[in-house]
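Residue strings, one per chain:
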Amino acid sequence: MTTRIKFTKMHGAGNDYIYVDTTRYPIADPEKKAIEWSKFHTGIGSDGLILIGVSDKADFSMRIFNADGSEAMMCGNGSRCVGKYVYEYGLTDKTEITLDTLSGIKILKLQVEGKTVSTVTVDMGSPQETGEIDWGKKYPFQSTKVSMGNPHLVTFIDDITRINLPEIGPELENHPLFPDRTNVEFAQIVGKDTIRMRVWERGSGITQACGTGACATAVAAFINGLAGRKSDVIMDGGTVTVEWDETSGHILMTGPATKVFDGEIVEEVES
Ligand SMILES: N[C@@H](CCC[C@H](N)C(=O)O)C(=O)O
């Protein structure tokens, strides 16, 4: 028997995922598919898989699977792309959309030019579980923990080019302090309220950008007196603006969402 699954490859600041509308193409084993399809040489190539679905609490739901098949609670760049997807593929004509995620309901505000969504602002809710980590003699820096629904470890250093991310990223991701592993960000202040950040993502490795990671970095910068409440976070694949709203305590992240291509997976399955 042949099954056909239509998908769309999209990226937010270079953080690329395979998006599937599960109301049309239900995916029974997303963990396995995320691993298979994310592979660059033998699959489609991506940082993971994002499933768009229905919700009884919000306009749509989003599930995010990393390239290693693990499911995450939230994806900042992915949520912007979901906003673009549901609007441009005619699943809604709303420009303010509620999105049900494992880390709660997020509100997306779409900025539309003609029929195209250019940027999306996501109300990411409040940062949680912030705390400082003094590594003692183990590492020559201090780090800040921030949860944006998913866990982040942010470290500010003077020169981001000196960090060996492929080595230290997985080391910190899997450090015993983080039983659920963690996303790892290294950042440098490069101007007033301007932060250069590189990320090692839990379950996907080095990615070009991480939306929740950018939010965690902006929060850590504010907490440590390195930036104000609103900053630009420049990543390898693009920039997002993060504002920590004083009144609501919520984080508002604004950034691009880009479609790469549509495709169809044709699979032969034994019946
Ligand atoms: N790239 C995402 C975050 C994806 C999940 C993360 N790797 C985790 O396991 O928590 C983003 O843009 O936020």
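The rules we used
Residues numbered from 1 in each chain as written. Predicted model: local features only at pLDDT ≥ 70, side-chain atom pairs only at ≥ 80, totals over all residues. Heavy atoms only, no water. Helix = DSSP H or I, 4+ residues; strand = E, 2+ residues; numbered from the N terminus. Contact = heavy atoms within 4.5 Å. Areas by Shrake-Rupley, 256 points an atom, 1.4 Å probe, with all protein chains shown as cover. Lys, Arg positive; Asp, Glu negative; His and termini not counted. Charge placed at Lys NZ, Arg CZ, Asp CG, Glu CD. Domains from an automatic or database assignment. Buried area = accessible area lost by both parts, 1.4 Å probe. Near = heavy atom within 4 Å. Polar contact = N/O pair within 3.5 Å; in protein donor to acceptor, adjacent residues only side chain to side chain. Nonpolar A, V, L, I, M, F, W, Y, C, P; charged D, E, K, R; others polar. Phe/Tyr/Trp six-rings, centres within 6.5 Å; stacked < 30°, edge-to-face > 60°. Buried < 20%, exposed > 50% of the residue type's maximum accessible area, 1.4 Å probe, protein only.

1. Thoughts on the overall build of the protein chain
Part 1 of the argument: When helices and strands are tallied, the protein chain shows 4 helices and 18 strands.
Part 2 of the argument: Dimensions of the protein chain, computed from C-alpha atoms along their principal axes, come out at roughly 60 × 40 × 30 Å.
Part 3 of the argument: Within the protein chain, contacts between residues at least 6 apart in sequence are counted, and of these 59% link residues at least 24 apart.
Part 4 of the argument: For the protein chain, the exposed surface amounts to about 12100 Å²; the carbon and sulfur share of it is 50%.
Part 5 of the argument: Considering the protein chain, the positive charge centre built from 27 side chains and the negative charge centre built from 38 side chains are found 2 Å apart.

2. Re the domain arrangement of the protein chain
Part 1 of the argument: Domains assigned within the protein chain are domain 1 (2–123 + 256–268) and domain 2 (128–249).
Part 2 of the argument: Relative placement of domain 1 and domain 2: their C-alpha centres are 24 Å apart.
Part 3 of the argument: The partner domain 2 presents 18 residues to the 19 residues of domain 1 that form the contact.
Part 4 of the argument: When the two sides are added together, the surface that domain 1 and domain 2 hide from each other amounts to roughly 1200 Å², 45% of it contributed by carbon and sulfur.

3. Description of the site of the ligand
Part 1 of the argument: Close contacts around the ligand come from 15 residues, with N15, G76, E201, G211 and T212 the closest.
Part 2 of the argument: A distance of 2.6 Å separates an oxygen atom of the ligand from a polar atom in the side chain of T212.
Part 3 of the argument: A total of 360 Å² of accessible area belongs to the ligand in isolation, and the protein chains cover 100% of it.
Part 4 of the argument: Contributions of two or more residues to the shell around the ligand are made by strand 2 (15–21), helix 2 (76–88) and helix 4 (211–223).
Part 5 of the argument: Taken together, the residues that form the shell around the ligand break down as 5 nonpolar, 8 polar and 2 charged.

4. Focus on the packing of aromatic side chains
Part 1 of the argument: Counting across every chain of the model gives 6 aromatic pairs.
Part 2 of the argument: For the ring pair Y85 and Y89, a centre distance of 4.5 Å and an interplane angle of 20° mean the geometry is stacked.
Part 3 of the argument: On the accessibility criterion, Y85 (7% relative accessible area) is buried.
Part 4 of the argument: Here the aromatic rings of F222 and W244 are separated by 5.6 Å at their centres, their planes lie at 75°, and the arrangement is edge-to-face. Note that F222 is positioned in helix 4 and W244 in strand 16 (residues 238–244), a separation of 22 residues in sequence.

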